[in-house]
Structures are given as structure tokens and as C-alpha cells.
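Examination of the molecular architecture
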Amino acid sequence: MRPKAPCGCLCLWLLLVLRAAEAQLPTARLYGLFPAGGQAGSRVEVEVAGADLDGAAAEPARLIASHPGIAAEPLMRPPRLTESEPQVAANRFIVSIGAEVAAGTYELRVQGRYGLSNPRPFMVGSRPEVRETEPNNQCDAATELTLEAVANGVLEGEGDVDVYRLALGAARTLIVCEARQIDSRAAPTLVLHDEQGAQLATATSGVYGRAILDVTPARPAIYHVAVHDAAYGGDGMLGYAYRLHATTGPYIDMVFPPAIPAGQSSRITLYGRNIGGKRAKGVRIGNHELEELSLELSPPDASVRFLQAVLEGATAAARASEPAAENSSPARPGTVRSSASPEQPHAGAAGQPPHPDSATEGPVPAAPDMDTQDVAGFSLPTAADMGGVLAWGERAGLPLELAPQALDGIDLLFRSQHGTTNPVRLFFAAAPLAQEREPNNQPARPQPLQVPCELVGTFSRADRDWYAFDANGGEALWIEVLSHRLGLPTDPLLVIHQVVRDDEGNEQALELAAVD
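Criteria and cut-off values
- Residues numbered from 1 in each chain as written.
- Predicted model: local features only at pLDDT ≥ 70, side-chain atom pairs only at ≥ 80, totals over all residues.
- Heavy atoms only, no water.
- Helix = DSSP H or I, 4+ residues; strand = E, 2+ residues; numbered from the N terminus.
- Buried < 20%, exposed > 50% of the residue type's maximum accessible area, 1.4 Å probe, protein only.
- Contact = heavy atoms within 4.5 Å.
- Areas by Shrake-Rupley, 256 points an atom, 1.4 Å probe, with all protein chains shown as cover.
- 1 Å grid on protein atoms, 1.4 Å probe; cavity = no way out; pocket = protein on both sides within 12 Å on 5 of 7 lines; lining within 4 Å.
- Points joined across faces, edges and corners; volume = space filled by probe spheres on them.
- Pairing = 2+ DSSP bridges.
- Axes fitted to C-alpha atoms, helices over the stretch in contact; angles between N-to-C directions.
- Nonpolar A, V, L, I, M, F, W, Y, C, P; charged D, E, K, R; others polar.
- Polar contact = N/O pair within 3.5 Å; in protein donor to acceptor, adjacent residues only side chain to side chain.
- Core = buried A, V, L, I, M, F, W, Y, C linked by side-chain atoms within 4.5 Å.
- pLDDT = per-residue confidence, 0-100.
- Lys, Arg positive; Asp, Glu negative; His and termini not counted.
- Salt bridge = Lys/Arg side-chain N within 4 Å of Asp/Glu carboxyl O.

1. Description of the overall build of the protein
In terms of helices and strands, the protein carries three helices and 38 strands. Burial statistics for the protein: of 516 residues in total, 46% are counted as buried. Counting contacts in the protein only where the partners sit at least 6 residues apart, residues at least 24 apart contribute 65% of the total. Accessible surface computed for the protein: about 25200 Å², of which carbon and sulfur atoms make up 54%.

2. Observations regarding empty space enclosed by the protein
Counted according to the given criterion, the structure contains four cavities of 30 Å³ or more. Approximately 210 Å³ is the volume found for the largest cavity. The wall of the largest cavity is formed by 17 residues, among which G125, R127, R243, N422 and P423 lie closest to the centre.

3. As for the sheet that holds strand β19 (residues 241-247)
Hydrogen bonds between backbone atoms are what pair the strands of a sheet, whose relative direction is either parallel or antiparallel. Spatially, the five strands line up as an open sheet ordered β10-β12-β19-β14-β17, and their pairing is mixed. Either end of the sheet is taken by a strand with one partner, and the two such strands are β10 (129-131) and β17 (210-215). Taken over all neighbouring pairs, the strand axes of this sheet differ in orientation by 20 degrees on average, direction set aside.

4. Quick look at the layout of surface pockets
Estimated volume of the second largest pocket: approximately 830 Å³. Taken together, 27 residues line the second largest pocket, and the ones lying closest to its centre are A468, F469, H497, Q498 and V499. Only β35 (467-468), β37 (494-501) and β38 (507-515) provide two or more residues apiece to the lining of the second largest pocket. The residue makeup of the lining of the second largest pocket, split by class, is 16 nonpolar, eight polar and three charged.

5. Re the side chain of E480
Looking at the element boundaries, E480 is found in strand β36 (residues 480-482). Within polar-contact distance, the side chain of E480 engages the side chain of W478 at 3.3 Å.

6. With respect to the sheet that holds strand β5 (residues 70-77)
The sheet built from four strands is open, its strands ordered β1-β3-β6-β5 with antiparallel pairing. The open sheet has two free edges, formed respectively by β1 (29-34) and β5, since each of these has just one partner strand. When strand polarity is set aside, the average angle formed by the axes of neighbouring strands in this sheet is 40 degrees. Where strand β3 (residues 43-51) meets strand β6 (residues 87-97), five bridges bridge the pair, whose relative direction is antiparallel. Note on β6: the bridge partner recorded for E45 is I94.

7. Structural notes on the nonpolar core
By size, the foremost hydrophobic cluster in this structure holds 28 residues, and its most contacted members are L33, V48, I70, I97 and F122. Going through the elements one at a time, β1, β3, β6, β7 (104-112) and β9 (120-125) are the ones with two or more residues in this core. Counting residues per element, this core draws most heavily on β3, at four residues. Residues within four places of L33 in sequence aside, it is in contact with V46, E47, V48, L108, R120, P121, F122, L238 and A241. Ranked by size, the runner-up nonpolar core spans 26 residues in total, among them L168, I175, V225 and Y242.

8. What about the confidence of the model for the protein?
Parts of the model with low pLDDT should not have their predicted coordinates read in detail. Taken as a whole, the protein shows an average pLDDT of 75; of its residues, 73% reach a score of 70 or greater. Long-range and interchain partners of residues 395-407, a stretch whose pLDDT sits below 50, account for 56 contacts in this model, where long-range means more than four residues apart.

9. Regarding the environment of E511
Tracing the sequence through the fold places E511 in strand β38. A C-alpha to C-alpha distance of 4.3 Å links E511 and H497, two positions 14 residues apart in sequence. If we ignore the near neighbours within four places in the chain, the residues touching E511 are V495, I496 and H497.

10. Brief notes about the pairing of β38
Looking at chain direction, β37 and β38 are connected through eight bridges and run antiparallel. Residue pairing in the sheet places Q498 in a bridge with L510 of β38. Between β37 and the antiparallel strand that follows it, β38, lie five residues; G505 among them carries a positive phi value of about 85 degrees.

11. Section: the side chain of D160
Relative to the helices and strands, D160 is located in the loop between β12 (150-154) and β13 (162-168). We note that D160 is buried and unpaired, the nearest opposite charge coming from R185 at a distance of 14 Å. With residues up to four places along the chain from it excluded, the contact list for D160 reads E134, N137, V154, L155, V227 and H228.

12. As for the environment of I182
Note that I182 resides in the loop between β14 (173-178) and β15 (188-193). I182 has contacts with A36, P121, M123, A241, Y242 and R243, leaving out every residue within four places of it along the chain.

13. Notes on unusual backbone geometry
Between F34 and the following residue, P35, the backbone shows a cis peptide bond with an omega angle of -5 degrees. Here P35 is to be found in the loop between β1 and β2 (37-39). A cis geometry characterises the amide bond from V451 onward to P452, with omega recorded as 5 degrees. One non-glycine residue, L238, lies in the positive phi region at around 65 degrees. Mapped onto the secondary structure, L238 falls in the loop between β18 (221-229) and β19. Using a relative accessible area of 11% as the deciding quantity, one classes L238 as buried. The phi angle at N274 is positive, at roughly 60 degrees, despite the residue not being glycine. Judged by relative accessible area, which is 6%, N274 ranks as buried.

14. Some words on the pattern of salt bridges
Scanning the entire structure with this criterion turns up 17 salt bridges. Here E83 and R77 are joined by a salt bridge, their closest N and O atoms 2.9 Å apart. With relative accessibility at 23%, the residue E83 sits in the partly exposed group. For R127, the salt bridge is made with E148, and the minimal N-O distance between the two is 3.5 Å. In this pair, R127 is assigned in the loop between β9 and β10 and E148 in the loop between β11 (143-145) and β12, connecting sequence segments 21 residues apart. Among the residues examined, E148 registers a relative accessible area of 28% and is labelled partly exposed.

This is how it looks when you write it as C-alpha cells:
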């Protein structure tokens, strides 16, 4: 039996060789970058953190952007004692943002020895930007922040708190901290203190992924804003980055419908604060009622490939005639690809807003006056379109930009004499667009749909929307719900029923599938 022993060893050796042959190369992983944005027309030093981001032996790693107007080069550090010339600084780049790059969210990736990494968002804006200066955990060491500027910060460890010093006047001011918008793990909490250290207001990000302090100071003074994670989290891998800014200008909370047909005239409604619109009855974020402003988007010339829109802002007199709305839950836009049946959003407590974005108190002043004016932009994501249309819009003095993105949508910015808003995403529909019509809350009264289509609708509290469509046997249908992925505080539930008839002709609903 002894001759069998070598055979057993040989089989084991072959097994080990085969296992080793199955080994995979590492995959480049980008965990975070800081700062996660910059001002158009500026150069920004960006640090990246991740795993297996090494460059090749003869070429350093590269930072690649999704927009041709954003370029990056490795940061060079001074030579050390044993070095004769500058060397590439590990994981650091100089990012140049072209002045023609429209405000919006783009993507950065690292390309190195192990291929192309996952993307991370990089926000481009028109405001000047600063970085937090550590240590800034106390009011006496606060980082200086001015109105209409953006502060880039990162919570570097557990319990980290960043404090900013801010001079405010008596105007209504929005202090906005964005985290989810840049794929940050932080759930930011904002705390406003006066110069004596008394706490005046707080705001948490909740399910919106951003925290907004909506305040009207009692008097012009110096205030301090503290930023920390809701669970006081933080890490050393740039995973808890955030962007903070304070503005007295317009701010858009949402747009409806969230999708429009490409190349066709469309009417959309902006919902926000300080946008110069009329009061949106019953549409609230936390304790604050929003304003609404309608726009008519119509492409006048397909060869030029830009969108011209006319703002239909209400006058101050028209707004003054609007009665104060009763406390009610906000409408929430969502999109359904093809056709869908019921969706169930989160429900709040009775008599309370389901998902408050801010816990601040204070009067909401009347929105500033705004005259009706023309606006312009474009829809196709090519460099030639960007340069030509932006130059045309600048010469014409038109105050709206539609910044193209890699996805089937654009970032909408509204500009007026009161400032520029934050960008909000507006999607292009790939199929005929339908809009929800109430009442459709009961299975006996569904809204009929023609397939294929894209459907836009809103959720009210504990809302169920029923739709009916015809399908042939063996026909493949793709039904997809986009709502939470639009950055909204929703948890959609999609249920598909088949309507069947028994021998006596009575209809019955047979549940085929349910997706949460």
C-alpha cells in the first residue's frame, strides 16, 4: 500500500496549483475624496482615499472626470534629502475646473495599475469655496465662513465637531449642509449658537441626506454653526465629508414633474424658498411652507439644441392675496418607468409632517419680487454644445442653465437678481410621459395607462396609487419605480396584480409579484 502515498501528495499539489491559478487581481476602490467639489474656473487640491489605487511603475495614477472641462494632474511634492527632483505626492491631485463648466454634480475616478475605480461625486458651483481649518472644535477656534461661500469639511474621527463663525444680517437665511449628495456616510446635524454660546436652532438631515437651518435672525450679529454626525461618527478615510454653505438667495427643494420628454414643450413647477413664486398651499418641509414657480420649457430650434423657458413668477400683490395654508403633509414627486401599481411611502404621525427637514422656528418672510423673464439652457452633453450655448446665453443675459449630465437628465439652475439656486436634477423621459390623475386610490378605480410609458406622480400621506394596463401573454415588461433614488424620503412598494375572470364573469385580482 506504500506506493499510494506519493499519488495522494501529487493530487494535493495539483489542487493547490489550481487554487492559486484562480486568484484575482486587486480591484481599485475609491472610498472618498476631499474636497468633494470646487468653484468653476478654479484649481483645487484634491485628496483621495481608497484601496489598490497605486499607479504603474512608469506612470502615476490618474484622476479622471466625467466632464471634459475638468482635468486633473498629480500633485508634486518637494524632493527629500535623498531625492534630486520633485516626486509625485501619493493620493493627491490638482483638479482644474474650467470656467465653462456648468454648476452640477459630476464624477471622479482613479485609474491606476489595477484599473478604473468606482466613481465618486464631485460638485461644481459658482460660489467661492474654503476648507475647514483644524482644530475647529470650539467657538474660539471656529473656521471663518461668509455668506454665499461653500465650506468643505470632513469629520475625521468619532466625536468630531466642526464649528464655523458666520456673520448674519436680519434677512431670512438658509444654512445648508449636504452629505448624501456627495455619497458621504455622514448624517449631518447643524446647531446654531449666538455669540454668547446660547443654542438657537438645530437641524438634522434625516432621510433627506441634507440638513437645512431656515432662520431669520432677530438682529445682525456674529453666530456660530456647529456640524457633527448624528451618531458622532467619523473616520480617517474621507468617508464623512460634507459641504456647508449659507445663503439669503433662492433655494430649490424639488421640481415636479421630475421628468420631461426630450425635445418637446413641457411645463414644470419649482418648489423652494426665496424663489419669487407664490405660496405652495400645503407643501411643507418641516415647519416651513414652500413657494412654487412655474416654467414653460419649449425648444424653439432643434438645430440649435437648447431649451428656452419663460418664468411665470407671481407678483408680490398676487402672493399677498394668497391665504395662509393649513398644516398639511407635503406632496412628493416620484417617477415610474413603464407602468406600476401601488406604492406606499413612509407615513408620519397624525397631524405632523412625515419627514421634517428642519426643526427650526421663525417667521417666513415674503419672497422677493421677481419680474417675468426669459431663461435658456441646453440638453445635450457634448463639449461643443456646452461652449456654444453657454456663450449664447451669456450674451443674451438669460438667467437659467441646464447642465448636461452622463445620465438621462440635466441639472436645473435658476438665476435671478437674488442669486443662483442649487442645482436640481430634471430627467428626460425615454417613453411617452403620463401624469397621475386622482382619485386612483382604490383598486376599483385605477388610472388606465398605455404601455410603454413613463409615469410621474406624487405621494400624499399613506397614499396608494392604482394603475391598469393591458399586456399580452408571453410579453416581457420592465417595470421600475424611481423615487427614493431621486433623493426623496420614500420607500416605494410595487405590487403587480393580474385581473382574471371566473366562469361567471366576475373579476378577481391575482397577485403576481411584490417588490419593496
